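Take a look at the letters that make up each chain.
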Amino acid sequence: MITLPNCLLLSALLFATGVFGVVARRNALIVLMSVELMLNGVNVAFVAFARFYPGGAGAPAGHVFVLLTMAVAAAEAAVGLAIVLAWFRNRKTTDTDEMRTMRW
Amino acid sequence: MNLRDFFFVLFSFLAVFGAFLTVTRRSPMYSAMSLLVFFGAISGVMMILAAPFLALMQMMVYAGAILVLFLFVIMLLSLRKEELGGERPWPLQLLAGCGCAVLFGLLAVAILRAELPRTAPALGPEFGSPEAVGRAMFSEYVLAFEIVSVLILAATLGAVVLAKKHLEPPAAEETPAPPHGEAHH
């Protein structure tokens, strides 16, 4: 049951769910959470590959990549939420369709 | 079906369930709570896949730090119903759902057609321990580690600046920013 294809299918399903959240929702907070879903789906794939191709001497490259991904996710959440806060303070909305002026 | 398989299936279903609830709930607070279920389930999956250190970091970093950050912001905004913003009309949402189903289908075909191992190799006792991960991170991947520290520094500065500054409304004509952000107050 715990086979590499099954783990990768789980990873792909989580990633696709995250993509749906980013594309279909308009609340900026939920869009940010969906990005976290996608990053976690990728982390599952990294851990699964590390489990099934362990390499030599207990040096799991996949585990290192997952830690780096977590750091990137934390940075992304901090900056994203700061943007949402600044935007809400000025416009009283978290709707991503209203955020057109962010281009300038 | 032994116990490991049972828990793998259980945590997988929990993760998919939590992810589905996260993207479908109307209120960000419910989404954040579903995200907690999702993070816990992913932590369990990592534990089963012989990554105990990462399972711990998953709980500490995601559930402990990132989710709390989300909750802080949700409570700080305390959105009323009319401030939640509209949702896309259902045909567009259906279209997005179909697109994501196609994406998953393509990935699934690629995964199922590839030659992938189905039996897990035996592992040494030190696999996935903090010592093994740390040794790999500070020897072979030390460059990536250092670059991530720069990224985090930049993100910290960016978050502080964004949270402090008052953005100009776009209706005002574009004048150069005053030297001090607080000059008009």
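Above this text sits the structure in question.
Residues numbered from 1 in each chain as written. Chains lettered and ligands numbered in written order. Predicted model: local features only at pLDDT ≥ 70, side-chain atom pairs only at ≥ 80, totals over all residues. Heavy atoms only, no water.

## Some remarks on the overall build of chain B
Quick reminder of the rule: For helices the rule is a DSSP run of H or I covering at least 4 residues; for strands it is a run of E covering at least 2, with both sets numbered from the N terminus onward. Only protein chains enter the accessibility calculation, which uses a 1.4 Å probe. A residue is then buried if its area is under 20% of the maximum for its type, exposed if over 50%, and partly exposed in between. Shrake-Rupley sampling with a 1.4 Å probe provides the accessible areas, and residues are treated as covered by the protein chains on show and by no other component.
A tally of regular secondary structure across chain B gives six helices and zero strands. Sorting the 185 residues of chain B into buried and exposed places 31% on the buried side. Put simply, chain B shows about 11700 Å² of open surface, and 72% of that area lies on carbon and sulfur atoms.

## Concerning the layout of surface pockets
What counts here: Within this scheme a cavity is a closed region of a 1 Å grid, computed over the protein atoms alone, that accommodates a 1.4 Å probe without allowing it to escape, whereas a pocket is open but has protein on both sides within 12 Å along at least five of seven lines; lining residues each have an atom within 4 Å of a point. Grid points are joined across faces, edges and corners, and a volume is the space filled by probe spheres set on the points.
One number sums up the size of the second largest pocket: a volume of about 240 Å³. Along its surface, the second largest pocket is lined by Met1, Asn6, Leu9, Leu10 and Leu13 of chain A together with Phe8, Val9, Ser12, Phe13 and Val16 of chain B. The set of elements that each furnish at least two residues to the lining of the second largest pocket consists of helix 1 (4-24) of chain A together with helix 1 (3-24) of chain B. For the lining of the second largest pocket, the leading source of residues is helix 1 of chain B, giving five residues.

## Comments concerning the packing of helix 2 (residues 28-52) of chain A against helix 1 of chain B
Filter applied, for reference: Only the stretch in contact is used when fitting a helix axis, every axis being a line fitted to C-alpha atoms; angles between N-to-C directions are given from 0 to 180 degrees. For this classification, under 35 degrees means roughly parallel, over 145 means roughly antiparallel, 65 to 115 means roughly perpendicular, and everything else is oblique. Rotating anticlockwise by less than a right angle from the far helix to the near helix defines a left-handed crossing, while the corresponding clockwise rotation defines a right-handed one. We call two residues contacting when some pair of their heavy atoms lies within 4.5 Å. Three classes are used: nonpolar for Ala, Val, Leu, Ile, Met, Phe, Trp, Tyr, Cys and Pro, charged for Asp, Glu, Lys and Arg, and polar for all others, with Gly counted as polar.
Where helix 2 of chain A meets helix 1 of chain B, the axes come as close as 9 Å, and the angle between the chain directions of the two elements is 160°. It follows that helix 2 of chain A is roughly antiparallel to helix 1 of chain B by the angle criterion. The chirality of how helix 2 of chain A crosses helix 1 of chain B is left-handed. Along the contact surface, helix 2 of chain A presents Ile30, Met33, Ser34 and Leu37 of chain A, while helix 1 of chain B presents Ala19, Thr22 and Val23 of chain B. Residue classes in the contact of helix 2 of chain A with helix 1 of chain B are distributed as five nonpolar, two polar and no charged.

## A look at the side chain of arginine 51 of chain A
Condition: Under the convention used here, Asp and Glu are negative, Lys and Arg are positive, and both His and the chain ends fall outside the count. Take a side-chain nitrogen of Lys or Arg and a carboxyl oxygen of Asp or Glu: if they are within 4 Å of each other, that pair is a salt bridge. Two N or O atoms form a polar contact when they lie within 3.5 Å of each other; inside protein one atom must be a possible hydrogen donor and the other a possible acceptor, and for residues adjacent in sequence the pair counts only when both atoms belong to side chains.
Of note, arginine 51 of chain A is situated in helix 2. For the buried residue arginine 51 of chain A, which engages in no salt bridge, the nearest side chain bearing the opposite charge is aspartate 5 of chain B, 10 Å off. Polar side-chain contacts of arginine 51 of chain A include one of 3.0 Å to the backbone oxygen of proline 121 of chain B. Excluding residues within four positions of it along the chain, arginine 51 of chain A makes contact with Leu49, Ala50, Ala120, Pro121, Leu123 and Phe127 of chain B.

## Section: helix 3 (residues 61-91) of chain A
Test applied: Helix span, as expected, comes to 1.5 Å for every residue beyond the first.
Over its 31 residues, helix 3 of chain A runs 44 Å from end to end, which matches the ideal 45 Å to within 8%, given 1.5 Å per residue. The first or second residue beyond helix 3 of chain A is lysine 92 of chain A, which carries a positive phi of 60°.

## Considering the nonpolar core
What counts is decided by this rule: Only buried Ala, Val, Leu, Ile, Met, Phe, Trp, Tyr and Cys residues count toward a nonpolar core, and they belong to the same one when joined by side-chain atoms within 4.5 Å. These domain boundaries are the output of an automatic or database domain assignment.
Of all hydrophobic cores here, the largest spans 70 residues; its most connected members are Leu14 and Leu29 of chain A together with Phe38, Leu49 and Phe70 of chain B. The set of elements that each furnish at least two residues to this core consists of helix 1, helix 2 and helix 3 of chain A together with helix 1, helix 2 (28-48), helix 3 (52-77), helix 4 (90-113) and helix 5 (130-139) of chain B. In terms of residue count, the dominant contributor to this core is helix 3 of chain A (13 residues). Split by domain, the residues of this core number at least three in each of domain 1 (1-79) and domain 2 (129-166) of chain B. Excluding anything up to four places from it in sequence, leucine 29 of chain A contacts Leu81 and Val84 of chain A together with Pro28, Phe70, Val73, Ile74, Leu77 and Leu79 of chain B.

## Examining the pattern of salt bridges
Applying the stated criterion across every chain, the model contains four salt bridges over all chains. One salt bridge in this structure joins aspartate 95 of chain A and arginine 26 of chain A, with 2.6 Å as the shortest N-O distance. Here aspartate 95 of chain A is found in the segment after helix 3, whereas its partner arginine 26 of chain A is found in the loop between helix 1 and helix 2, with 69 residues between them in sequence. In this pair, the class of aspartate 95 of chain A matches that of arginine 26 of chain A, namely buried. Here arginine 135 of chain B and glutamate 131 of chain B are joined by a salt bridge, their closest N and O atoms 2.6 Å apart. Residue arginine 135 of chain B and its partner glutamate 131 of chain B are located together in helix 5, separated by four residues, close to a single helical turn. Neither residue differs from the other here; arginine 135 of chain B and glutamate 131 of chain B are each classed as exposed. Each of Arg25 of chain A together with Arg26 and Glu87 of chain B takes part in salt bridges that share partners, so that together they form one network.

## A look at helix 6 (residues 142-164) of chain B
Spanning 23 residues, helix 6 of chain B covers 33 Å between terminal C-alpha atoms, matching the ideal 33 Å at 1.5 Å per step. Looking only at helix 6 of chain B, the buried set comprises Val148, Ala155 and Ala159 of chain B. Residues of helix 6 of chain B that are buried make contact with helix 3 of chain A.

## Quick notes on the packing of aromatic side chains
Residue and element names in this part refer to chain B. Under the convention used in this document: Aromatic pairing here means that ring centres of Phe, Tyr or Trp (its six-membered ring) are within 6.5 Å. Orientation follows from the plane angle: under 30 degrees is stacked, over 60 is edge-to-face, and everything else is tilted.
Overall, the coordinates contain eight aromatic pairs over all chains when judged by the stated rule. With a centroid separation of 4.8 Å and 35° between ring planes, the pair formed by phenylalanine 39 and tyrosine 62 is classed as tilted. Note that phenylalanine 39 is positioned in helix 2 and tyrosine 62 in helix 3, a separation of 23 residues in sequence. Residues phenylalanine 39 and tyrosine 62 agree in their burial class; the two are buried.

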